[in-house]
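The primary structure of each chain is shown beneath.
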Amino acid sequence: MFLPRLTLTALCAALLAGCAASAERPSTPADDAWLTRADDCCTAGLDGLPATAVDAPQSLTLRFGPKTPVHTFEGGKAPFHVLALPRGQGPLRLTLTSRVTRDAEGEPQVFAPVMVVLDARGEVQRRFGWHDFEYHPALGFQVDRLTLGVSVSPGTGADRVLITTSDEALAARTELLHPARLEARARHLAEPPVVNPEAAHRASGEVRVEVRPLGEATGVLAPLIGDALSDDDAPSAIEAPSPASTAADSAAARDAAALGGVDFRRLIRAALAADDIALAMDLAERAERAGHAGTRDWLAKQLERR
Amino acid sequence: MRLSRFTPFTLSTLAAAVALGASASAQAVDADFHGYARSGVGATAGGGDQACFQAAGASAKYRLGNECETYAELGLGSTLYEQDGKSFYFDSLVAYVNEQGNDFESLDGSSEDGNTIALRQMNVQATGVIEALPNATVWAGKRFYQRHDIHMNDFYYWDVSGPGGGIENIDLGFGKLSVAWMRNSSTDDAFPDSDQNLANDTLDIRLAGLETNPGGQLEIGYDYGAANLTEAQEDADVDPENGHLVTLEHVQGDWFGGFNKFVVQYGKDGAIGSSGRSNPASSVPEGDMIRVIDHGLVNLSPNVDMLYAAIYEDRDLDNGQGQTWTSAGVRPTYYWSDTMSTAMELGYDRVDPQDSGQETADLTKLTFAQQWSAGRGAFARPVVRAFVTYASWDGDVYNAASESIEDGEDDGLTYGLQMEAWW
């Protein structure tokens, strides 16, 4: 009796395993030797790098590999993509995600990005190294990944973003949370001191870029804010809002009408809870213009308490 | 890049506030949604619903393709305060279980099917609130407390969870000390009022993180269990048993890409049991228990890993009703890709009663499963699997979990689909 049943069990397993014959295989190059051989595409400096225009909202996947333009930056020779930011759509939220993949040997690897905001003259305005990307362990159907969320206000001071990597990034590795630790944390078990795996940084890979208008990107705030965050009254830089300008003053009445029923402090608390300081500051500015005097000072106190 | 504190799944409390109609002045906080769930559908060859196979007297069964119920734990937690190195974290969790037979299954707990709901966590953990112990956490409430388990057979060999309180992770320089007072009430039929509660207390002391060798750490634990008697119970001249459990656990963290845990436990009287929770009822026999466990995970190649477990447990009871439980199992898995794998689980359990007049029970179980998971590895979840399970046992002492297996049968074949997730 045992053998027939065992045979049946093995047969079923074999059939099931057969379904796996078409398993996917990684498509990235086996190593980064191609980068050494690649020619510099552009000798005119950052201002001459070819750019791709993006819209908002838009999602795109940037692939890095032998077919990607390569330039020798200050941080080393690296493949790159440049995205020209859309004007006239107000401040944007850019979210970059680089997912951990496996090489042919099953070892983890990841493209460790570097993001640079360039002005209209190609000068570097802001730089986010791979250390600025946040590691997120696998959760649900999302694999281990590096992410960065940045608010930018397209204009002369923020004309394009350059996405690349660097020698420093390629020399480092990203420590991943071992799934056994993840299980222990999720299930409130004693966490085993298992050694976490490390993902090698590669010059090949993919970066997912989400470009969203700031109000939309903040999700639950969008229906509450509505059109209030239009480009006409947007500050030049969300992270460092300037005092209310003439243009902003002219939009104050519309701000007041659009946001008259909104509890700005509640929105600002939510933005702070989401660690979106830029949005909180922007909301404070709008509150002031909408007649809620003292919101800016109140926000300053909230920030001091953090 | 180093790992920072991991937050499972953040929900904007603004969304929650909107959903709950909270006042506009509500303080915004983030909530961590965490939990566990398994569910599916299965059948037994020959007809009937899915049978699950567990040797009579064994404290656990090998679980791959061998779980017949829907079980879930849904939790919400939040850091309610965090400033100047001090934080207060609130955590809660509700568990649900039903027999996975219908669409509309009650969770009222009143029916014989065992479908029920349970509040299993409700606690606050305050870290950094004692100036002299900045890394220590003071906590109180119902809590899953530093649980130790074997995933393969869902065996919790050290789990004194329940309502309680204490302080944990006191940094002594060479290790971390935790002390807790836990409660798990029971009843004792020996009292005149047979249904009155027996307030069972457990004092749990643990010293963890003792570096023993490169990549290896030792944890030492002592649990003392005793009933906190009322005056009436004292006057009834009933003598509940105290219990003692000593645990030594060595964990090797750099173990072929995984880990290995070697555990030795000695229990006495009221602490004899699977988890270490005290049961000092006077009806509990006196005796001793020695348990040795080795379990872990190894990566045999980039595409193959394996869970394994071996258990030896000897309960020597004064009333002669003890037993020796021996168990061993392996679960190698081949990964076709980051999302697809084939797993095999082979498990064996044998229970030898202390009374030589009773029959030895043994059970062998073999499962093949084709799996689709979010990521690669034995602990990657969620997973959806199609499984086929075959089990063979001593016919007279099989723990029937389904009428699909008739008395006198000595083997069974089941198949089905199951999902499992944690987050």
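What you are looking at is a predicted structure, and each value in this text was computed from that prediction instead of being measured.

Focus on the overall build of chain A
- What chain A contains, in helices and strands, is 11 helices and 15 strands.
- Among the 306 residues that make up chain A, the fraction classed as buried is 43%.
- Long-range contacts, defined as pairs at least 24 residues apart, comprise 73% of the intrachain contacts of chain A with a sequence gap of at least 6.

Examining the overall build of chain B
- Across its full length, chain B holds 2 helices and 22 strands.
- Relative to its full complement of 423 residues, chain B shows a buried share of 39%.
- For chain B, the share of sequence-separated contacts (at least 6 apart) that also reach a separation of at least 24 residues comes to 58%.

Some thoughts on the sheet that holds strand β14 (residues 198-202) of chain A
All names here are of chain A.
- Spatial ordering of the open sheet is given by β6-β7-β14-β13, a layout of 4 strands whose pairing is mixed. Since the sheet does not close on itself, it has two edges, and those belong to β6 (101-102) and β13 (173-175), each with one partner.
- Direction of pairing for strand β7 (residues 108-111) relative to β14: parallel, over a ladder of 3 bridges. If you follow V110 over to β14, its bridge partner there is H201.

Digging into the environment of R160 of chain A
Residue and element names in this part refer to chain A.
- Here R160 is to be found in strand β12 (residues 160-164).
- Given 23 C-beta atoms within 10 Å, R160 falls into the buried group.
- Apart from the residues within four sequence positions on either side, R160 is in contact with A51, V82, L83, A84, L85 and L118.

Remarks on unusual backbone geometry
All names here are of chain A.
- A cis amide bond links A56 to the next residue, P57, at an omega of 5°.
- Within the secondary structure, P57 sits in the loop between β1 (52-53) and β2 (58-64).
- A positive phi angle, close to 60°, is found at H188, a residue other than glycine.

Looking at the nonpolar core
Residue and element names in this part refer to chain A.
- Of all hydrophobic cores here, the largest spans 110 residues; its most connected members are V161, L162, I163, A280 and L283.
- The element that contributes the greatest number of residues to this core is helix α10 (residues 277-289), accounting for 7 residues.
- Mapping this core onto the domain boundaries places at least three of its residues in each of domain 1 (33-213) and domain 2 (218-305).
- Ignoring anything within four residues of it in the chain, the contact list for I163 reads L62, F80, H81, L96, P113, M115 and V207.

Remarks on the packing of helix α9 (residues 264-273) of chain A against helix α11 (residues 295-305) of chain A
Residues and elements named next belong to chain A.
- Remark: α9 packs on α11, axes separated minimally by 11 Å, with the N-to-C direction vectors making an angle of 30°. If you check the angle between α9 and α11, you find them roughly parallel. Helix-helix and strand crossings are classified by hand; for α9 and α11 the assignment is right-handed. In this structure, α9 uses F264, R265, I268 and L272 to contact α11, whose residues at the interface are T295, W298, L299 and Q302.

Brief notes about the environment of F88 of chain B
All names here are of chain B.
- In this fold, F88 is placed in strand β4 (residues 86-98).
- Looking at F88, the number of C-beta atoms within 10 Å reads 18, which means it is partly exposed.
- Expressed as a C-alpha distance, the spacing of F88 and L107, which sit 19 residues apart in the sequence, is 32 Å.
- What F88 contacts, discounting residues up to four positions off in sequence, is L80, Y81, V124 and A126.

Comments concerning α9 of chain A
- Within α9 of chain A the residues assigned to the buried category are R266, L267, I268, R269, A270 and A271 of chain A.
- Backbone geometry just downstream of α9 of chain A places D275 of chain A in the positive-phi region, at approximately 60°.

Looking at the sheet that holds strand β5 (residues 92-99) of chain A
Residue and element names in this part refer to chain A.
- The antiparallel open sheet is built from 5 strands, whose spatial order is β2-β15-β5-β11-β10. Edge positions in the open sheet fall to β2 and β10 (134-136), since each of these has one partner strand only. The mean angle between the axes of side-by-side strands here comes to 25°, regardless of whether they run parallel or antiparallel.
- Where β5 meets strand β15 (residues 205-213), 6 bridges bridge the pair, whose relative direction is antiparallel. Bridge pairing links R93 to R212 in β15.

A few points about α10 of chain A
Residue and element names in this part refer to chain A.
- Here α10 spans 18 Å end to end across 13 residues, near enough to the 18 Å set by a 1.5 Å rise per residue.
- Summarising burial for α10: 12 of the 13 residues are buried, a large majority.
- Turning to α10, its buried residues number three or more, namely A278, L279, A280, M281, D282, L283, A284, E285, R286, A287, E288 and R289.
- Looking at the residues trailing α10, positive phi occurs at G291, about 100°.

Topic: the confidence of the model for chain B
- Residues of chain B with pLDDT of at least 70 account for 89%, and the chain-wide mean is 88.
- Across residues 11-27 of chain B, where pLDDT falls below 50, the model places 25 contacts with residues more than four positions away in sequence or in other chains.

Quick look at the pairing of strand β6 (residues 137-143) of chain B
All names here are of chain B.
- In terms of strand pairing, strand β5 (residues 116-127) meets β6 through 6 bridges, oriented antiparallel. Bridge assignment links N123 to a residue of β6, and that residue is G141.
- When β6 meets strand β9 (residues 162-171), the two strands line up antiparallel, connected through 7 bridges. The residue bridging K142 from the neighbouring strand is P163, located in β9.

Definitions and cut-offs
Residues numbered from 1 in each chain as written. Chains lettered and ligands numbered in written order. Predicted model: local features only at pLDDT ≥ 70, side-chain atom pairs only at ≥ 80, totals over all residues. Helix = DSSP H or I, 4+ residues; strand = E, 2+ residues; numbered from the N terminus. Buried ≥ 20, exposed ≤ 12 C-beta atoms within 10 Å, placed from the backbone. Contact = placed C-beta atoms within 7 Å. Pairing = 2+ DSSP bridges. Core = buried A, V, L, I, M, F, W, Y, C linked by C-beta atoms within 7 Å. Domains from an automatic or database assignment. Axes fitted to C-alpha atoms, helices over the stretch in contact; angles between N-to-C directions. Parallel < 35°, antiparallel > 145°, perpendicular 65-115°, else oblique. Left-handed = near helix turned anticlockwise from the far one by under 90°. Expected span 1.5 Å × (residues − 1). pLDDT = per-residue confidence, 0-100.

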